[in-house]
Amino acid sequence: MSTRTSALDAVVFGVDVQSGDVRGDAPSYALVEYDGEEVDRDVVSHRKLRRLIDDEEPAIVATDNMYELAADKDQLVHFLGSLPADTKLVQVTGDERPEPLSRVAKRHGIPYGKEPMKEAEAAARLAAHNVGYEVSAFTDTTEVKVARGRSTGSGGWSEDRYTRRIHGSVKRRSRQVESDLDDANLEYEKEVRESYGGYANAVFTVEARPSGIPVSRARSGDVRVEIERTRRDGIEFRPLAKRRDHVIVGIDPGTTTAVAIVSLEGEVLDVWSSRTSDTAAVIEWIVERGRPIVVAADVTPMPETVEKFRRSFDAAGWKPERDLPIDEKQHRTRENPYDDDHQRDAMAAALYAFDHHEDQFERIARKLPPGIDRDEVTARVVAGEESVEAVLTDLNDDEESDEESTEHEPRELTEEEKRIKDLERQVERLQSHVGTLEDRLEERDDRIDDLEAELTVSKREERKKVRKEREVSRLDRKANRLERERDEAREEIETLEKKVERMKALWKLDHSNFSDVSAEKEGLVPVKVVEKFTKGAIREADDQYGIAAGDVVYLRDASGAGRSTAELLADFDPRVVLKDGGLSEVADEILFEADVPVGPAGDVAMQEVDELAVAREEDVEAVIDDWHELARERELDRKAAMVDQLISEHRAGDNEV
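Residues numbered from 1 in each chain as written. Predicted model: local features only at pLDDT ≥ 70, side-chain atom pairs only at ≥ 80, totals over all residues. Heavy atoms only, no water.

**Let's talk about the packing of helix α9 (residues 341-367) against helix α10 (residues 374-382)**
Helix-helix packing: each pair is described by the crossing angle between the helix axes and the interaxial distance. Our working definition: To obtain an axis, a line is fitted to C-alpha atoms, over the contacting stretch when the element is a helix, and the angle between two such axes runs from 0 to 180 degrees between their N-to-C directions. Here a helix means four or more residues in a row that DSSP labels H or I, a strand means two or more in a row labelled E, and each is numbered from the N terminus. Throughout, the term roughly parallel applies to angles under 35 degrees, roughly antiparallel to angles over 145, roughly perpendicular to angles from 65 to 115, and oblique to all others. Each crossing gets its hand from how the near helix is turned against the far one by less than a right angle, where anticlockwise is left-handed and clockwise is right-handed. Here, residues are in contact when the closest pair of their heavy atoms is within 4.5 Å. Note that Gly is not counted as nonpolar here; it falls among the polar residues with everything else outside the nonpolar set of Ala, Val, Leu, Ile, Met, Phe, Trp, Tyr, Cys and Pro and the charged set of Asp, Glu, Lys and Arg.
Close contact between α9 and α10 brings their axes to 10 Å; oriented N to C, the two are set at 125°. By the angle class used here, α9 and α10 are oblique. In this structure, the crossing between α9 and α10 has a hand that is right-handed. The segment α9 lies against α10, with His357, Gln360, Phe361, Ile364 and Ala365 engaging Arg374, Val377, Thr378, Val381 and Val382. Considered class by class, the residues forming the contact of α9 with α10 number six nonpolar, three polar and one charged.

Below, the structure written as structure tokens:
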């Protein structure tokens, strides 16, 4: 965005007091008319200045102090109200707390001299380049009032007809004004005071300046039209141009160029991408949004296109130590919206650049005394590679020189030689300083070129080395992983082979019709192991290797079983149940009634193989024989008990008889 405005296509008046005082008699003014190319100079009285403003209607009347044109606030408001509709009063030195004109001119590169005519010219040039604040005492709302142009008075016998005619004329003119406002698509509010025969008056409050309203002041016959802008409560200052703060810029070049703007507080201000914009358009977009102090890329080395943008802004550059991975960029930009991957990459570059400089920004802020522009100092330290102390010293020197220059009024001609000597010393010092800075800048540029060439070569070699090491590391990791998988597979195979052999032996024991059962295996019987005497454990054993009628079942823990658990085991009709621990009375009775032999596992020599076991046939037969022996005794005892009970019952019956 160009700093030139439409003011350069019109005329700007620069004004400064030449002699006298606006509070006294007959002040004269140094007047400079500037149209962007030509400069006309003159010394005029206050009256003539007002007449020239009315006749030529300049776009801007610029001054370094608004109270050089009015003695107090009331006169200033009156002066503002008398300006043409399209003319602005601009104070180029700031708002409520203006700066010295010399400092403002220096900051913007405008020629400056202490003489009134030089100051007037500096004010005109500054205002033409959108520097300064518009002084306003009125809002952008205008009041249009249509009222009676003459008093109804005493009309004698015709007074009623006379009054109706005046009020009717006011009503007709009000409707015409309303129609004109509607045709211009203006927003307004209407307030009407009706009276005999029509309107006494009508007031239109229009959201526009007088220059934008298709109605003019008029007074003719029965009706008058008054136009007056709405007063503010006080004086307001509005900047001519939006402030362009210092920012960090991230750029993603390519077929589609994307740009992101981040403030020095880390806030994403704007993001944009385009496939058709050229370098000039990109630069204009950036300039509209701020003054870059860091230009960043998301890859290393910095692309040449991004480097060109960096040099064009004389900003510091930032690039990552390695290309930013996509997942890191997505994570860093997750809280900010973007339209495409190019905008995301530009935003990530700017945000990572802020992260890199954040501590530096905070250190700079801590070193600054109150009243110093933090952004300006930060820009000079980061982009200009100056120290904070050097920048503060330079700013203090400027303030001291401004204070010294303002101590002397231009009317004190007797001090001219002393002032000239001071200025000459200041010029010599500045020229010497400029020369030193230019030498340093040239040396720095040469050194930067050498270092950049060396850095490019070093980075190229480093990238090759890193890629090679990365590939070797990847292959080593893959080889180690495959070796681990191979060893684990071998161990698993060996374990499974042993297990298969054991399972084969057990399977052969369980299938007597197999012809190749070895002699040493004869005399052994497979045993089905159940961990606990519970329904779940019984069903789990049945699911794993099956429990069939005639199997030998080993209860590793026989305690705690109830009726239903014992009935479940009895339903399998095992050959014998070997147990560790004691059976409950209920379970023992159920198994006894089902004619299932039960014996202690300790009487049988067993060898466990994983979930299965084998036992000697002769030991199993011995347990079964023992159980049958005990069962006969138990049956005899039961019958004896029944006989005893019958005898007892018979004797009890005889006694009753």
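**As for the pattern of salt bridges**
Note the following rule: Any carboxyl oxygen of Asp or Glu within 4 Å of a side-chain nitrogen of Lys or Arg constitutes a salt bridge here.
Tallied over the full model, the rule gives 36 salt bridges. In this structure, Arg238 engages Glu134 in a salt bridge whose closest nitrogen and oxygen atoms are separated by 3.7 Å. With Arg238 in strand β10 (residues 223-239) and Glu134 in strand β6 (residues 133-148), this residue pair connects regions lying 104 residues apart in the sequence. A single network of salt bridges, built from pairs that share partners, joins Asp298, Lys329, Asp341, Arg344 and Asp345.

**Regarding the pairing of β6**
Note the cut-off: Paired strands, as defined in this entry, are two strands with at least two bridges between them according to DSSP.
Across three bridges, the pairing between strand β5 (residues 88-91) and β6 is antiparallel. Bridging from a neighbouring strand, Leu89 pairs with Val135 of β6. Bridge analysis of β6 against β10 gives twelve bridges, and the strand direction is antiparallel. When the bridges of β10 are listed, Val144 appears paired with Ile227. One ladder, built from six bridges, connects β6 with strand β8 (residues 198-206); its direction is antiparallel.

**Topic: a negative patch on the surface**
Operational definition: Surface patches are defined over residues having more than 30% relative accessible area and no salt bridge, joining like charges when they lie within 9 Å and nonpolar side chains (Val, Leu, Ile, Met, Phe, Trp, Tyr) when within 5 Å. Values of accessible area rely on a 1.4 Å probe in the Shrake-Rupley scheme; residue burial ignores everything except the protein chains shown. Counting rule for charge: Lys and Arg are taken as positive, Asp and Glu as negative, and neither His nor the chain ends is counted. The atom standing in for a charge is NZ when the residue is Lys, CZ when it is Arg, CG when it is Asp and CD when it is Glu. The cut-offs for exposure are 20% and 50% of the maximum accessible area for each residue type, with area from a 1.4 Å probe on protein chains only; residues under the lower value are buried, those over the upper are exposed, and the others partly exposed.
On the surface, a cluster of negative charge is made up of Asp35, Glu37, Glu38, Asp40, Asp54, Asp55, Glu56, Glu57 and Asp86. For the negative patch, the element with the most residues is helix α1 (residues 46-56), which contributes three residues. Relative to the helices and strands, Glu38 resides in the loop between β2 (28-34) and β3 (39-45). Judged by its relative accessible area of 53%, Glu38 is exposed.

**Some words on a positive patch on the surface**
A surface patch of like charges, here positive, comprises Arg460, Arg463, Lys464, Arg467 and Arg470. Positionally, Lys464 belongs in helix α12 (residues 416-510).

**Comments concerning α10**
In terms of burial, α10 is largely enclosed, as seven of its nine residues are buried. When α10 is considered as a whole, its buried residues turn out to be Asp375, Val377, Thr378, Ala379, Arg380, Val381 and Val382.

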